[in-house]
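Residue-level structure breakdown
One letter stands for each residue in the lines below.
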Amino acid sequence: MMLKINFLVWLLCMAVLTSAVAQTKINAPLINEKEIPKLDNPISVQYLRKNLRKSQPRLVLSPVNERNLKNKLKTDPVVQNMYKAIKLNADEIQKEPLLERIKTGHRLLLISREMLWRMNMLGMVYRMENDPRVLQRINDEVVAVSNFIDWNPDHFLDVAEMSLAVAIALDWTAGKLPKETIELAQTALIEKGIKPSWPENEGGYGIHPGRHTSYGVYKYNNWNQVCNGGMIAASIVIAEKDPELAAKTIKRALDVIPLALMAYSPDGVFPEGPTYWNYGTSFTVITAAIFESAFGTDFGLWEYPAFKESAVFRVLSNAPSGWYYNFADCDDKRSEQGDVTLAWFAAKSGNTVFFEKERFLMPPEEMGKLSCLAGAGLVWIAQFEKKYEKKIPVIWKGSGINPIVIFTADENETHGYYFGGKGGGAVNHGNLDAGSFIFELNGVRWVIDPGIQDYYEVEKTGLVLWSYCQDCGRWTLLTKNNYGHSTLTVNNQLHMVEGLATIVDFKTGESPEATVDMTPAFKGLLKSAQRRFLKDSGTSLVIEDKIETLDETELITWQLMTTANVEIVEGGAILRQDGKKLKLENLSHPELTISTISMYPAPLELDRQIEGLKRLEIRIPAWTIKKGKETIKVRLSGI
């Protein structure tokens, strides 16, 4: 039985995780694995031989759910519509050349992901129609990638996604490919997929800092989810050929996957943001689906603490404007397509709020290129049966190593109110943005997060994005540092990398509020800093900062990032965008003129260039603060 999580133990684990951010290898802290809730793990060679489904397909598809899918294709308009979109995608693949081993920078990931998409589209069409033309194309694709010299083990995500793609191709064609292709592909899965995840010179897979840091199966973030998902699928496909290797690989996966799943605790917030929730969670979802179809059990994944609750976080991350609450390395806007990962949560729970029916019913020709797991997603869409509708809370807090709070509009409000604020610190894919927030009203994103920028464009200049020390290059970028976020800056210094800001007070009701203790972000610069967010009406937000200074405190800067046009007026500013207006009232310091600093073009050529970006500032010299205590209070309201 899976152990129940102990909250005090969780706090200990999170503290250790947080302390690791000062290390170059942020995702390899020292944790006693006995303190982490386990998954069921009966895997052995004997277990595989007894319990692994004997016939293919057994990756996501099984005789029962494939029969259900074919029945739904006759009667269910959502399934019919999504399958039409899959067929259109499959038709487009037939027009494309076969894949070549072409890296982008140090990554082969674009090629691996393309292969995963192609096998999902072609594989699903083949399962439904047995089209020999489709089977031939699958064969050609599999032969091409199996003949690559390797799948780029130095960036193990590439290996994982390619392994999953080839595994799906072999499984969904269920022995219909030529024997020589099957032999070639199984050998590739072993030699280019699974074996590189077992580096012989490091012996075993103990959980130690610095060990296996180049191999994603052991990491504490989305790499773990993706890499183990790929290794599990590959192991199932080669289980008859090499049962010992398959068994030990699946056993390892069940042992180490909880290292990544702990990040969802205690409420479901994924600390790397909504985009990386989509990525990491989608691979945990397909892993669970593979386990269920291959073994008849998910070994405890669905019931893992806070995992199912993360679907609530994902839905709440969608703002009325179509933007995400795009903290951490997150894209600005969500896809117009329906979310197939959420569809799995809908199928498992029966809750309609996770089933994006309208988006699944958009015209197939307008969907464009589907997600790379949309073939598997069709199975989950077909499995959905409405059981109930549990509404998503309009006021919500999620704790953890990157805590957030969200205020949205209740059913009687009509202005599209949306606020997201956060604590946190330099977690994996995170920023120095403790206390930052976004705000939108009437369909306009007034206060923005600068979001993500293209990794490759940054990396090819030599800047190292993935080190998290205080002086690391990551923090020179406006998208990553506190200068580019709506927060406080003291003495024009960076926030402290090791400073985890937490949500220390949270109240619901007619006037919901949340308080973030930002003190750890300003170690040595402030004695304390408490930021309170208050929704004081259906069209307004109050931000109140209570600060205690130190002798070292020289300057406090209150910041707000916006792309709106700004007019400075007495006591504040008027923001204008898309024919709408927002008032900024400097309630605490009306005598201070707000400064407007243009961030377009951004300070560095490497920075993301956001047209019209501005930073509004209220600058308070420490010498003006009496008795070392100050309150900054600002109100944003629609007009």
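Residues numbered from 1 in each chain as written. Predicted model: local features only at pLDDT ≥ 70, side-chain atom pairs only at ≥ 80, totals over all residues. Heavy atoms only, no water.

1. Notes on the packing of helix α11 (residues 274-295) against helix α13 (residues 340-349)
Packing of α11 against α13 brings their axes to within 9 Å, and their N-to-C directions diverge by 45°. Between α11 and α13, the crossing angle belongs to the class labelled oblique. As for the relative orientation of α11 and α13, their crossing is left-handed in sense. Taking contact as the criterion, the partners of W277, N278, T281, S282, V285, A288, A289 and E292 in α11 are, on α13, T341, L342, W344, F345 and K348. Of the residues belonging to the contact of α11 with α13, the class tally is seven nonpolar, four polar and two charged. (Axes fitted to C-alpha atoms, helices over the stretch in contact; angles between N-to-C directions. Helix = DSSP H or I, 4+ residues; strand = E, 2+ residues; numbered from the N terminus. Parallel < 35°, antiparallel > 145°, perpendicular 65-115°, else oblique. Left-handed = near helix turned anticlockwise from the far one by under 90°. Contact = heavy atoms within 4.5 Å. Nonpolar A, V, L, I, M, F, W, Y, C, P; charged D, E, K, R; others polar.)

2. Some thoughts on the sheet that holds strand β7 (residues 502-507)
Strand order across the open sheet formed by eight strands is β7-β8-β9-β10-β17-β14-β13-β12, with antiparallel pairing between neighbours. Single-partner strands in this sheet number two, and they are β7 and β12 (565-569). For this sheet, the mean angle separating the axes of adjacent strands, direction not counted, is 15°. Both strand β14 (residues 580-586) and strand β17 (residues 629-638) contribute to a ladder of five bridges, which runs antiparallel. Note that in β17 the partner of L584 across the bridge is L636. (Pairing = 2+ DSSP bridges.)

3. Observations concerning the sheet that holds strand β1 (residues 395-398)
The five strands lie next to each other as β1-β2-β3-β4-β5, forming an open sheet whose pairing is antiparallel. Edge positions in the sheet fall to β1 and β5 (444-447), since each of these pairs with one other strand and no more. Averaged over all pairs of adjacent strands, the angle between strand axes in this sheet comes to 15°, irrespective of strand direction. Strand direction decides the pairing type here: β1 and strand β2 (residues 404-408), joined by four bridges, are antiparallel. Its bridge partner being in β2, I395 is matched across the sheet by F407.

4. What to know about the nonpolar core
Counting 150 residues, the largest nonpolar core has M124 and F295 as its most contacted members. Among the elements that make up this core, the one with the highest residue count is helix α7 (residues 156-173) (13 residues). Among residues more than four places away in sequence, those in contact with M124 are L61, L69, Y83, I86, M119, W172, G375, L378 and V379. Among the nonpolar cores identified, the runner-up in size contains 44 residues, and L525, F533, I543 and A573 belong to it. (Core = buried A, V, L, I, M, F, W, Y, C linked by side-chain atoms within 4.5 Å. Buried < 20%, exposed > 50% of the residue type's maximum accessible area, 1.4 Å probe, protein only.)

5. Things to note about the pattern of salt bridges
Two side chains with opposite charge may pair up if their charged atoms get near one another. Evaluation of the coordinates by the stated rule reveals 35 salt bridges. Two residues, E292 and K348, come together in a salt bridge whose shortest N-O distance is 2.7 Å. Of the two residues, E292 sits in helix α11 while K348 sits in helix α13, which places them 56 residues apart along the sequence. With relative accessibility at 28%, the residue E292 sits in the partly exposed group. A residue is classified by how much of its surface remains accessible, and K348, at 27% relative accessible area, is partly exposed. Linking R474 and D329 is a salt bridge whose minimum nitrogen-to-oxygen distance equals 3.2 Å. Placement of the pair is R474 in the loop between α17 (455-459) and β6 (488-490) and D329 in the loop between α12 (310-316) and α13, with a sequence separation of 145 residues. You can call D329 buried: its relative accessible area is 0%. Bridged by salt links that share partners, the residues E114, R118, R137, E141 and K369 form one connected network. (Salt bridge = Lys/Arg side-chain N within 4 Å of Asp/Glu carboxyl O.)

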